[in-house]
Amino acid sequence: MLGEAFYKQFNGSYELKCTDIDVNELWLSYLDFRDMEKYRKDVISFKPNYLFHLGAFTDLEYCEENAEETYLTNTISVENAVYIANELDIPILYISTAGIFDGKKEEYDDWDIPNPLGIYARSKYAGELFVKENAKRYLICRAGWMMGGGPGKDKKFVQKLLKQIKDGKKTLSIVNDKLGTPTYTQDFAVNVKLLLEHEYWGLYNMVCGETTSRLEVAQEILRLLALENQITIKEVSSDFFKKEYYAERPSSERLNNRKLELRKMNIMRSWKIALKEYLDNYYQDYL
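Calculation rules
- Per chain, residues are indexed from 1 in the order of the written sequence.
- In keeping with the predicted nature of the model, local features appear solely for residues at pLDDT of at least 70, side-chain atom pairs appear and are counted solely at 80 or more, and the whole-chain, interface and lining totals rest on all residues.
- Derived side-chain values reflect all non-hydrogen atoms in the structure, with water molecules and hydrogen atoms excluded from consideration.
- Ring pairs shown here join Phe, Tyr and Trp side chains whose ring centres sit within 6.5 Å, with only the six-membered ring taken for Trp; geometry is labelled stacked below 30 degrees between planes, edge-to-face above 60, and tilted in between.
- The helix count covers DSSP runs of H or I at least four residues long, the strand count covers runs of E at least two residues long, and both are numbered beginning at the N terminus.
- When DSSP finds two or more bridges between two strands, those strands count as paired.
- Between the N-to-C directions of two axes lies an angle of 0 to 180 degrees, each axis being a line fitted to C-alpha atoms and, for a helix, fitted only over the stretch in contact.
- Contacts are assigned to residue pairs with any non-hydrogen atoms lying within 4.5 Å of each other.
- Two cysteine sulfurs form a disulfide in these notes if their separation is within 2.5 Å.
- Three exposure classes are used, based on accessible area relative to the maximum for each residue type with a 1.4 Å probe and protein chains only: buried under 20%, partly exposed in between, and exposed over 50%.
- In this scheme, roughly parallel covers angles under 35 degrees and roughly antiparallel covers those over 145, while 65 to 115 is roughly perpendicular and the rest are oblique.
- In this scheme the handedness of a crossing depends on how the near helix is turned from the far one: anticlockwise by less than a right angle means left-handed, clockwise means right-handed.
- Charged means Asp, Glu, Lys or Arg here, nonpolar means Ala, Val, Leu, Ile, Met, Phe, Trp, Tyr, Cys or Pro, and polar covers whatever is left, Gly included.
- Whenever Lys or Arg places a side-chain nitrogen within 4 Å of a carboxyl oxygen from Asp or Glu, that contact is recorded as a salt bridge.
- Residues with no salt bridge and a relative accessible area higher than 30% make up the patches, which join like charges within 9 Å and nonpolar side chains (Val, Leu, Ile, Met, Phe, Trp, Tyr) within 5 Å.
- Per-residue accessibility takes into account occlusion by the displayed protein chains alone, with areas from the Shrake-Rupley method and a 1.4 Å probe.

Peer 1: Quick question: what am I supposed to make of the packing of aromatic side chains here?
Peer 2: In total, this model carries 18 aromatic pairs according to the counting rule given. Residues phenylalanine 6 and phenylalanine 52 carry aromatic rings whose centres are separated by 5.6 Å and whose planes lie at 70° to one another, so their mutual orientation is edge-to-face. Here the residue phenylalanine 6 occupies a position in helix H1 (residues 2-10), and phenylalanine 52 occupies one in strand S3 (residues 51-53), the gap between them amounting to 46 residues. Between tyrosine 7 and tryptophan 27 the ring centres are 4.2 Å apart and the planes differ by 5°, which places this aromatic pair in the stacked class. Here tryptophan 27 lies in the loop between strand S1 (18-20) and strand S2 (28-30) and tyrosine 7 lies in helix H1, a separation of 20 residues in the sequence. One aromatic cluster is present, formed by Phe6, Phe10, Tyr14, Tyr50, Phe52 and Phe188 through successive ring pairs.

Quick look at the structure:
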């Protein structure tokens, strides 16, 4: 999801080498960054000015079931990325998440202290701490509820909802007890670029403007698609999905971009504007 946005936003003005374990684009080459020697060799041979470490396991249930693989992917590989970046004396970009907080506050700024609840959150926070404590120069950017990439890449809430609509569902069960902040991948990549080009290193919350909830996002999707009168939303608590989504999740993952605002570097748009653009650009023919 993020890789597609970074490629789109950086490709015009930078020479890029983009890798993944799933080579599903012409601009991708194969690399499993969990293999330290291959990771190091791949990066050093390209001689980059920056290292963007974007990949991670983000399926919370998978992470709970596969703890060792999760820590290897989400934590140890990040440590390896820091070693490589330091060896080349280049800045590293690490993507963190709103999911590292426990949800006991309604909203979190850049200086609130995380308290991760599960394996996914622990693995991501461990990566964040290692980058902060060991990288010579770094950007850590915390995303919220990610949306981007379209039907082929988006594995998150917006795509899951649109898939149900495409499949003809007339009633959507939506949780009414989860608060958060959407993050459009294209806006995220543009804002990272702004920070990078000003060399304002450090840790930043980076989410779309205006806080919201899963319920309100679903309502807005139906409104944008003019389907409010054809599809019904049934409000449920998170317990309704407990069998499928059993990993512990914070009740609130709302972030605010306080530090970006103070630096006058916040160009993240309202989530409603970003959602409309996302649907217009990626889902025109989907339904």
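Anyway, onward from the coordinates.
Peer 1: Would you mind going over the sheet that holds S3 with me for this structure?
Peer 2: Within a sheet, each strand pairs with its neighbour through backbone hydrogen bonds, oriented either parallel or antiparallel. The four strands lie next to each other as S3-S4-S5-S10, forming an open sheet whose pairing is parallel. In this open sheet, the two edge strands, each paired with only one partner strand, are S3 and strand S10 (202-205). Between one strand and the next, the sheet's axes are offset by a mean angle of 20°, whatever the strand orientation. Of the pairings in the sheet, the one linking strand S4 (residues 92-97) to strand S5 (residues 138-143) comprises six bridges and is parallel in character. Counted as the bridge partner of serine 96 is arginine 142 from S5. On top of the sheet, helix H7 (residues 185-198) reaches S3, S4, S5 and S10; it is set at about 155° to S5, its chief contact.

Peer 1: Can you walk me through unusual backbone geometry in this structure?
Peer 2: Most peptide bonds adopt trans geometry, and most residues besides glycine take a negative phi value. Located in the positive-phi region is glutamate 210, a residue other than glycine, with phi close to 75°. Its place among the elements puts glutamate 210 in the loop between S10 and strand S11 (212-213).

Peer 1: Looking at this model, I keep getting lost on the state of the cysteines. Mind explaining?
Peer 2: Note: disulfide means a covalent bond formed between the sulfur atoms of two cysteine side chains. Scanning all chains against the criterion turns up zero disulfides. With no disulfide partner, cysteine 141 has as its closest neighbouring cysteine sulfur the one in cysteine 208, 14 Å distant. Judged by relative accessible area, which is 0%, cysteine 141 ranks as buried.

Peer 1: Please explain the packing of H1 against H7 as it appears in this structure.
Peer 2: The description of two helices packed together rests on the angle between their axes and the distance between the axes. The interhelical angle for the contact between H1 and H7, taken along N-to-C directions, is 55°, at an axis separation of 8 Å. Judged on the interaxial angle alone, H7 and H1 are oblique. Considering only the axes of H1 and H7, their crossing is right-handed. Between H1 and H7, the contacting residues are Leu2, Glu4, Ala5, Phe6, Lys8, Gln9 and Phe10 on the first element and Thr185, Gln186, Phe188, Ala189, Val190, Val192 and Lys193 on the second. When the residues that make up the contact of H1 with H7 are grouped by side-chain class, the tally is eight nonpolar, three polar and three charged.

Peer 1: I'm lost on H1 in this one. Help?
Peer 2: Helical periodicity: at 3.6 residues per turn, an α-helix aligns residues three or four positions apart in one direction. Taken together, the buried positions of H1 are occupied by Leu2, Glu4, Ala5, Phe6 and Phe10. Where H1 is buried, its residues touch S3, S4, strand S6 (145-147), H7 and helix H10 (271-282).

Peer 1: I keep staring at the environment of valine 78 and nothing clicks. Help me out?
Peer 2: Take valine 78: it is sitting in helix H4 (residues 67-88). With relative accessibility at 1%, the residue valine 78 sits in the buried group. Considering only alpha carbons, one finds valine 78 and tryptophan 27, 51 residues apart in sequence, at a separation of 23 Å. Beyond its immediate chain neighbours, meaning those up to four positions away, valine 78 contacts His53, Tyr94, Gly127 and Val131.

Peer 1: Whenever I open this one, the pattern of salt bridges confuses me. Can you help?
Peer 2: Opposite charge on two side chains lets them pair, provided their charged atoms get close. Considering all chains together, one arrives at 18 salt bridges under this definition. The salt bridge partner of arginine 142 is glutamate 128, with a shortest N-O separation of 2.8 Å. Here arginine 142, found in strand S5, pairs with glutamate 128, found in helix H5 (residues 119-134); they are 14 residues apart in sequence, far enough to count as distant. Neither arginine 142 nor glutamate 128 differs from the other in exposure class; each is buried. Between lysine 276 and aspartate 280 there is a salt bridge, with its nearest N and O atoms 2.8 Å apart. Here lysine 276 pairs with aspartate 280, and both are found in helix H10, just four residues apart, close to one helical turn. Overall, lysine 276 belongs to the partly exposed group, its relative accessible area being 42%. A relative accessible area of 32% places aspartate 280 in the partly exposed class. A single salt-bridge network, built from bridges that share partners, covers Asp32, Arg34 and Glu69.

Peer 1: For this particular structure, what's the right way to read a nonpolar patch on the surface?
Peer 2: Taken together, the side chains of Ile21, Val23 and Tyr30 define a hydrophobic patch exposed on the protein surface, amounting to about 310 Å² of accessible area. Mapped onto the elements, valine 23 comes out in the loop between S1 and S2. On the accessibility criterion, valine 23 (43% relative accessible area) is partly exposed.

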